[in-house]
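A closer look at the structure
Listed here are the chains, written in short residue letters.
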Amino acid sequence: MTMAGNGTNGQQYVGTRTIRPDGADKVTGRARFGADYNLAGQLIGKVLRSPHPHARIVSIDTSKAEALPGVKAVITRDDFADMPSEFIPAGEMMMNYKDVTRNVMAREKALYEGHAVAAVAATSAVIAKKALKLIDVTYDVLPHVIDVVEAMQPGAPILHDDLFTVGVEPKPDRPSNVAKRVEISQGDIDAGFKRADVIVEREFKTAPVHQGYIEPHAVLATVSEDGSAEVWVSTQGHYIVRAHCARLLGMDIGKIRVNAAEIGGGFGGKTVVYLEPLALALSRKAKRPVKMVMSREEVFKASGPTSGAVVKVKMGATKDGKFVAGWAELKYQAGAFQGSPVQPGVMCAYAPYEIEHVKVVGYDVVSNRPKVAAYRAPGAPISEYAVESVVDEIAKKLGIDPIQLRMMNAAHEGTKAAYGPKFGPLGLEETLNSIKKTEHWNTPLRKWQGRGVASGFWFNIGGETCVSLTVNEDGTVSLMAGTPDIGGLRASLAAVAADELGIPYDKVRPIIGDTGSLGFNFLTGGSRSAFSGSMAIVEAAKQIKSELCARAAKLWEMKPDEIEYAGGHVKPKVASEKVTPMSLVDFAKVAGKTGGPIGGVGRINAQGAGPSLGTHLVDLEVDPETGRVTILRYTVAQDAGKALHPAYVEGQFQGGAVQGIGWALNEEYIYGADGKLQNAGFLDYRMPVASDVPKIDAIVVEVANPRHPYGVRGVGETPIVPPLGAIANAMENATGIRFTELPMSPPKVLKALKEKYGAGGAGR
Amino acid sequence: MARVVLVGNLTQLTGGVAEFDLSATSVRQLFRQLADLHPEIAPHLEEGVAVAIDGQIYQDALLEPIGADSEVFILPQIAGGSLEDVP
């Protein structure tokens, strides 16, 4: 195990469990989340949503609603300009605004139950709701399709007449729900299978699941008479909100100032806009602030979950356990508009392993469900679940320990990834070793109990990042970041700043700045914010140290290269009795007399994000009478490169494991034959709660990322990748049944047990 | 000459050709040379791809240098917390 430790100025706080700067406000209720913001004279906005999963909108009559006393604005498709079908940059994302504008407000058709059709701003929520009932929408109801395989069939209801499958030859002349076909391949897949002594082929199905953030979408927007606007919003990326809203509403980016509220979870689901452009459009029309908050039902019906999918996997191995061929076919739901995470699903499927011959094909398929949004390592949990299940079966067929089999095939530095390039240093082998050494791995189990292991891969990204460090008059430092703090950003960046400047941690006050305060920041996602932010902090601190040395040179009448900044002091490299070293506090006192305020701004496009790999180990028990599965014990080992704040890193590991438990065992969107969602609430959409899970043990592996000054890798997404496979493998060991459909909910488990062993599992 | 490999659907825009030897010294030059050879690929390079140079993935890094003997893979953009569409 390689330990990082190449910080540029010593590490007193990096790698320690410092007090969270935002902790006090959060535990006392003082912290302000999206719905906590209010302005004088604000209106309440509500959305009218389609009751049909697929319908042509013939007409919308808002006259009665507009006439209702208290109603100040009503908006429909007519309040949004249509946009051509083209992918254009929005921030750092490529977006097809023809789809975006239709997703925030339906135009020709309503494409899913819950699709926004109109919105109202009124002086109270009661009046707004009453007004919604007065809006008369005439629908021409159309046949719908929900299931991904059914949507791909000839004769399926077509959602978009202008959607032709990309990536197939010859180019189709008929529209289809299959937006695109993607493929990666290397080697000769047929030759690979010819070399195999053992081949396992399986088909898997996963249900669509929601990110399940506790805080619903919420926004407060105000547009002034001069056309400038300010927004407070629960988001993972306020610069992205600004970019989308400017584009959708025809506004200058510089005229919109967006503030990121504290956020009660996002997991990828708050990287897009839903209410924000509506609130701005309503405010612009009403000339008053407009506040909008989704209900939980709206969150489920109208915001992006991740795909449900059907995945076929075929893997071949030699009798001595070498993987020689990996093939897969992925069919991912995109929801109502193209853009499922099938591409990363394709690229990640075999990424944990060194395999010479690989071919993975994926299909991006639209259907009458809400457009999917990113969900933690988008696409990877689904494809890797299928592969990890098959890896386990191969281990059984060959009689090889599943950890050993993974170790024998683990990707490592120099391995050619299934998607092309060679990997740099990787930590998969270290996580497997860590798991194998645990007492957990060696504890005996009883009947109806099972143990499963699985590994997972995610790329991680960097991206545009801007932070500032400002030295205050008393030598304290204000740190401003432009990515919302979801998983411990403030604490992590404050520790880096304190170490870089050699000052106490509690003298650094980190805040999240608004879009007018810093240059562009890509969003908090892709496991990038601590990775990129800490690189930018190093750059900002470097500017401060350089500036202090330059000023000291003038004060002391020395050459700049005779002076250094070390241990929190500016001092001559060679000690001199004539000169007294100056601390940051000393310098702050004379800042004005030596050139003005002191500060640094790190503006970078961070590159060099190292992938993070993890291995999960789970014990569970199946109740043969009810089919209920209880998670008994869970251990996560993951490569963090360097944990800036170990408690937050462990929190990411634990949170991902818990989300994965829900995905594997209980969570699913249940649609009726009418295409309507039947479980749009937390009572019926069963997420794990604290009493459902044991303490998750976390092992932080540190294989330094050589491209980061502290060795950091992103850690936020990888933990959601292995749980599905690990739990399915544990279920097979507990029951002798290979479950190939998620979730493995009690009815499904009970049915499978009854089919194999009779009622109550009596025949086992 | 750098060895350049296209990954995934991009080869459909180059008549199935997946590998090139190019004298580009930066990502920007690389994109230009590929676009000169296969104009259909140009908008897709502009729309967002990732470039792996000697195993290191770069995104939106037009000025990143490419060595004479570098191995370069052009990949779909790595998304992360957001979904991005690529050809």
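Owing to the predicted nature of the structure, the values given are computational and were not obtained by experimental measurement.

Once that is clear, we can look at the overall build of chain B. When helices and strands are counted, chain B shows two helices and five strands. Ordered by position in the sequence, the α and β elements of chain B form the string β-β-α-α-β-β-β. Per-residue burial for chain B yields a buried fraction of 47% across its 87 residues. When contacts within chain B are restricted to residue pairs at least 6 apart in sequence, those whose partners lie at least 24 apart make up 55%.

The number of helices and strands found in chain A is 19 helices and 28 strands. In summary, chain A has a C-alpha radius of gyration of 27 Å against a globular reference of 27 Å for 764 residues, a match within 12%. When burial is assessed residue by residue, chain A has 58% of its 764 residues classed as buried. Taking as baseline every contact in chain A between residues at least 6 positions apart, the subset at least 24 positions apart corresponds to 80%.

This part is about the nonpolar core. Residue and element names in this part refer to chain A. Grouped together as the largest cluster of nonpolar side chains are 268 residues, with contacts concentrated most on A497 and I727. Residue contributions to this core peak at eleven residues, all from helix 15 (residues 529–556). Residue contributions to this core reach at least three from each of two domains, namely domain 1 (23–31 + 462–606) and domain 2 (424–457 + 611–764).

In this section: unusual backbone geometry. For the bond from A:E169 to A:P170, the omega torsion is -5°, close enough to zero to count as cis. Assignment of secondary structure puts A:P170 in the loop between helix 5 (148–152) and strand 9 (178–186). In this structure, A:P743 follows A:L742 across a cis peptide bond, with omega equal to 0°. The backbone of A:A377 sits at a positive phi, close to 55°, despite the residue not being glycine. If you trace the backbone, A:A377 turns up in the loop between strand 17 (357–366) and helix 11 (380–398). Given 34 C-beta atoms within 10 Å, A:A377 falls into the buried group. Positive phi is not limited to glycine here, since B:D60 has a value of about 50°.

Residue and element names in this part refer to chain A. Here helix 11 crosses helix 12 (residues 402–409) at 110°, and the two axes come no closer than 9 Å. Between helix 11 and helix 12, the angle is such that the two are roughly perpendicular. When helix 11 is examined against helix 12, the residues V391, D392, I394 and A395 are found in contact with a partner set consisting of P402, L405 and R406. Here the contact of helix 11 with helix 12 is composed, by residue class, of five nonpolar, no polar and two charged.

All names here are of chain A. In contact at an axis separation of 11 Å, helix 3 (residues 97–104) and helix 7 (residues 238–249) are set at 90° when each is read in the N-to-C sense. As far as their axial angle goes, helix 7 and helix 3 are roughly perpendicular. Side by side, helix 3 and helix 7 meet where Y97, V100, T101 and V104 of the first sit next to H244, R247 and L248 of the second. A class-by-class count of the residues in the contact of helix 3 with helix 7 yields four nonpolar, two polar and one charged.

Here the focus is the environment of A:A35. All names here are of chain A. In this fold, A35 is placed in the loop between helix 1 (23–28) and strand 1 (43–49). Take A35: there are 20 C-beta atoms within 10 Å of it, and that puts it in the buried class. With 198 residues separating them in the primary sequence, A35 and V233 have C-alpha atoms 8.1 Å apart. Look past the residues within four positions of A35 in its chain and what remains in contact with it is A218 and V293.

Another point: the sheet that holds strand 16 (residues 323–335) of chain A. All names here are of chain A. Strands sit in the order 9-17-16-15-10 across an open sheet of five strands; the sheet is mixed. Edge positions in the open sheet fall to strand 9 and strand 10 (198–206), since each of these has one partner strand only. In this sheet, neighbouring strand axes are inclined to one another by 10° on average, regardless of whether the strands run parallel or antiparallel. Of the pairings in the sheet, the one linking strand 15 (residues 309–317) to strand 16 comprises nine bridges and is antiparallel in character. Within strand 16, the position partnered with V311 by the bridge is L330.

This brings us to the interface of chain B and chain A. Contact with chain B, which involves 28 residues of that partner, is made by 39 residues of chain A. Counting residues per element, the ones that place at least two in the side of chain B that touches chain A are strand 4 (56–59) and strand 5 (71–76) of chain B. For the side of chain B that touches chain A, the class distribution of residues is 14 nonpolar, ten polar and four charged.

Another point: the pairing of strand 14 (residues 290–293) of chain A. For a regular strand, the rule is simple: side chains alternate between the two faces of the sheet. Residue and element names in this part refer to chain A. Here two bridges tie strand 1 to strand 14, and the two strands are oriented parallel to one another. Each residue of the ladder has a partner; that of I44, found in strand 14, is K291. As judged from the four bridges shared by strand 11 (residues 218–223) and strand 14, these two strands associate in the antiparallel manner. Across the sheet, the residue bridging to A218 is V293, located in strand 14.

Turning to the environment of A:I537, a few remarks are in order. As for its position among the elements, A:I537 is in helix 15. Residues A:I537 and A:E86, spaced 451 residues apart in sequence, show a C-alpha to C-alpha distance of 36 Å.

So, about the domain arrangement of chain A. Residue and element names in this part refer to chain A. Entries for chain A in the domain assignment read domain 1 (23–31 + 462–606) and domain 2 (424–457 + 611–764). With centres defined by C-alpha atoms, the gap from domain 1 to domain 2 works out at 40 Å. Between domain 1 and domain 2, the residue contacts involve 14 residues of the former and 15 residues of the latter. Secondary-structure elements contributing two or more residues to the side of domain 1 that touches domain 2 are helix 14 (489–501) and helix 15. At five residues, the largest contribution of residues to the side of domain 1 that touches domain 2 is made by helix 15. For the side of domain 1 that touches domain 2, the class distribution of residues is seven nonpolar, six polar and one charged.

Our focus in this paragraph is helix 13 (residues 428–436) of chain A. Residues and elements named next belong to chain A. Most of helix 13 sits out of view: seven of its nine residues are buried. Here helix 13 has its buried residues at L428, E429, E430, T431, L432, S434 and I435. Where helix 13 is buried, its residues touch helix 12, strand 18 (449–458), strand 26 (612–622), strand 27 (629–639) and strand 28 (696–701).

All names here are of chain A. Reading across from one edge, 6-2-8 is the order of the three strands in this open sheet, with antiparallel pairing throughout. Two strands close off the open sheet at either side, each with one partner strand: strand 6 (109–110) and strand 8 (136–141). Pairing geometry for strand 2 (residues 55–61) and strand 6, over two bridges, is antiparallel. Within strand 6, the position partnered with A55 by the bridge is A110.

Quick look at the environment of A:K573 now. All names here are of chain A. As for its position among the elements, K573 is in the loop between strand 23 (569–572) and strand 24 (582–583). For the pair formed by K573 and I184, sequence separation is 389 residues and the distance between their alpha carbons is 55 Å. Discounting residues that sit within four places of it in the chain, K573 has contacts with E562, I563 and E564.

With that out of the way, let us pick up helix 7 of chain A. Because each turn of an α-helix spans 3.6 residues, side chains separated by three or four positions in sequence point in the same direction. Residue and element names in this part refer to chain A. Helix length check: helix 7 (twelve residues) gives 16 Å between terminal C-alpha atoms against 16 Å at 1.5 Å per residue, within 8%. Within the span of helix 7, buried status applies to H238, Y239, I240, V241, R242, A243, H244, C245, R247, L248 and L249. G250 occupies a position one or two residues after helix 7 and carries a positive phi of about 65°.

What counts, and at which threshold
Residues numbered from 1 in each chain as written. Chains lettered and ligands numbered in written order. Predicted model: local features only at pLDDT ≥ 70, side-chain atom pairs only at ≥ 80, totals over all residues. Helix = DSSP H or I, 4+ residues; strand = E, 2+ residues; numbered from the N terminus. Buried ≥ 20, exposed ≤ 12 C-beta atoms within 10 Å, placed from the backbone. Contact = placed C-beta atoms within 7 Å. Rg over C-alpha atoms; globule rule 2.2 N^0.38 Å. Core = buried A, V, L, I, M, F, W, Y, C linked by C-beta atoms within 7 Å. Domains from an automatic or database assignment. Axes fitted to C-alpha atoms, helices over the stretch in contact; angles between N-to-C directions. Parallel < 35°, antiparallel > 145°, perpendicular 65-115°, else oblique. Nonpolar A, V, L, I, M, F, W, Y, C, P; charged D, E, K, R; others polar. Pairing = 2+ DSSP bridges. Expected span 1.5 Å × (residues − 1).

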